[in-house]
Amino acid sequence: MATIDKIAVLTSGGDAPGMNAAIRAVVRKGIYHNLKVFGVYHGYEGLIKGDIRPMDLGSVGDIIHRGGTILRTARSLEMFSEEGQHKAASQLKDRGIGALVVIGGDGSYRGAQKLARLGINVVGIPGTIDNDIVGTDMTIGFDTAVNTVINAISKIRDTATSHERTFLVEVMGRNCGDIALRAGLAIGAESILIPEIEYDLKEVGEKLIRGFKRGKNHSIIIVAEGAGNIMDISTRLKEYTGFDNKVTILGHVQRGGAPTAFDSVLAATMGGKAIDVIREGKSEVMISLCDNKIVDKPLHIAFEGKKPFQRHLYDLANELSI
Ligand code: F6P
């Protein structure tokens with residue numbers, strides 16, 4: 001096996017707070033261990049086109065606290081084709097780059113797996129606000145997104161209380177309800193609607209009525225984007241309760257902002273671990289937070305089924321919001 005002395009890093013899929021801190025860790029620790037590190041701009045799109053630039057210590061200065069990704073990102077359709085995959089691998093091989101660190105979600109890992117089959121050592125770092133990657137307890141960006149939701153809801157609560165209103169707040173997470181669940185538990189939402197659990201809107205409405213009869217002056221319902229159309233949910237709830245509700249869709253505000261301390265540390269430790277595994281000659285691995293330890297696991301784990309749902313948190317949220 002040839003020794004790897006040149007590596008590259010890219011970000012792919014939706015950006016997530018902490019991606020910059022992870023890039024910084026990969027670049028700085030790589031250079032510390034005498035590797036030449038390249039940054040691939042615009043994800044796999046840029047890789048296919050050859051938008052690959054050398055990184056030095058200064059290229060990652062003053063980014064540790066910034067949201068987004070300095071490498072930019074994209075969702076690449078071309079990377080699904082064999083032609084695109086071959087082009088991408090050649091761009092790396094032509095430059096003598098033997099290993100690629102991919103920071104992104106499981107869709108990004110699929111591209112990485114293809115490159116591994118074409119002779120590139122690949123390492124995945126879980127970066128997505130959704131926390132939907134199988135094989136890791138947490139993804140980079142999730143904690144920040146949950147905190148963004150909590151901050152936004154604390155503002156909504158002020159007006160909700162003043163007008164004694166019910167608010168439905170839609171949060172991101174594609175088909176994963178983790179952002180809704182954690183944020184809902186943290187803010188004490190009256191109900192949390194997530195794609196993993198079937199819900200009965202009549203029951204949700206009855207709970208709202210019970211609450212108002214008991215003297216509650218406002219209610220917050222968190223709706224994960226994958227749990228159904230929030231406008232329909234709002235209309236049906238109005239019918240069941242007989243009173244108005246307001247809808248707020250938080251949207252991409254959840255993807256931005258400085259990473260929390262948790263995400264910054266997760267990004268640094270996962271980025272550092274990626275360099276460790278490259279130096280050990282490993283490939284087709286993902287970096288994972290598992291029972292509070294940073295470990296590496298086979299990449300294919302990320303494609304096996306759906307991330308186990310934390311039912312106990314959902315049940316607890318229900319018990320606390322009677
Ligand atoms: O995967 C991250 C995410 O923010 C999801 O929560 C959301 O469904 C999706 O990306 C939105 O994607 P886009 O920014 O491409 O519209």
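Look up: the structure comes first, before these words.
Residues numbered from 1 in each chain as written. Predicted model: local features only at pLDDT ≥ 70, side-chain atom pairs only at ≥ 80, totals over all residues. Heavy atoms only, no water.

Trainee: Got a minute to help me understand the overall build of the protein chain in this structure?
Mentor: Scanning the protein chain from terminus to terminus reveals 10 helices and 11 strands. Relative to a compact globule of 322 residues, whose C-alpha radius of gyration would be 20 Å, the protein chain shows 22 Å and is just as compact. When each of the 322 residues of the protein chain is scored for burial, the buried share is 53%. When contacts within the protein chain are restricted to residue pairs at least 6 apart in sequence, those whose partners lie at least 24 apart make up 74%. As displayed, the protein chain has an accessible area near 14100 Å², and 50% of this comes from carbon and sulfur atoms. (Helix = DSSP H or I, 4+ residues; strand = E, 2+ residues; numbered from the N terminus. Rg over C-alpha atoms; globule rule 2.2 N^0.38 Å. Buried < 20%, exposed > 50% of the residue type's maximum accessible area, 1.4 Å probe, protein only. Contact = heavy atoms within 4.5 Å. Areas by Shrake-Rupley, 256 points an atom, 1.4 Å probe, with all protein chains shown as cover.)

Trainee: What should I look at first to understand the sheet that holds strand β11 (residues 293-298) in this one?
Mentor: The strand order β3-β2-β1-β4-β5-β10-β11 describes an open sheet built from 7 strands, whose pairing is mixed. Two strands in the sheet have a free side with no partner beyond their single neighbour: β3 (52-54) and β11. Taking the axes of each pair of neighbouring strands and ignoring which way they run, one obtains an average angle of 25° across the sheet. Pairing analysis gives 5 bridges linking strand β1 (residues 6-11) to strand β4 (residues 99-104), with the strands arranged parallel. Looking at the pairing, V9 lines up with V101 of β4. (Pairing = 2+ DSSP bridges. Axes fitted to C-alpha atoms, helices over the stretch in contact; angles between N-to-C directions.)

Trainee: What is the right way to look at the packing of helix α1 (residues 19-32) against helix α9 (residues 261-279) in this model?
Mentor: For any two helices packed against each other, one specifies the inter-axial angle together with the distance between the axes. Across the interface, α1 lies against α9 with an axial gap of 7 Å and an inter-helix angle of 35°. Between α1 and α9 lies a crossing whose hand is right-handed. For the pair α1 and α9, the contacting residues are A21, A22, A25, V26, K29 and G30 in the first and S264, A267, A268, G271, G272, I275 and D276 in the second. Each residue belonging to the contact of α1 with α9 can be placed in one class, and the counts come to 7 nonpolar, 4 polar and 2 charged. (Left-handed = near helix turned anticlockwise from the far one by under 90°. Nonpolar A, V, L, I, M, F, W, Y, C, P; charged D, E, K, R; others polar.)

Trainee: How should the nonpolar core be read in this particular structure?
Mentor: The nonpolar side chains of a soluble globular protein tend to be buried, and buried together. Counting residues in hydrophobic clusters, the biggest one holds 74 residues, and the most contacted among them are I7, I125 and I222. In terms of residue count, helix α5 (residues 142-163) provides more of this core than any other element does, 8 residues in total. The residues touching I125, leaving out its near neighbours within four places in the chain, are V26, V101, V102, I103, G104, Y109, I140, M270, G271, A274 and I287. Residues A8, Y109, I120 and I133 belong to the second largest nonpolar core, which totals 26 residues. (Core = buried A, V, L, I, M, F, W, Y, C linked by side-chain atoms within 4.5 Å.)

Trainee: What am I meant to see in the pairing of strand β2 (residues 36-40) here?
Mentor: In regular strands, side chains alternate between the two faces of the sheet. Taken across its 5 residues, β2 has 4 buried, putting it largely inside the fold. Handedness of the β1-α1-β2 crossover: right-handed. Bridging between β2 and β3 involves 3 bridges; their strand directions are antiparallel. From the neighbouring strand, F38 faces β3, where its bridge partner is P54. (Right-handed = clockwise from strand over helix to strand, strands pointing away.)

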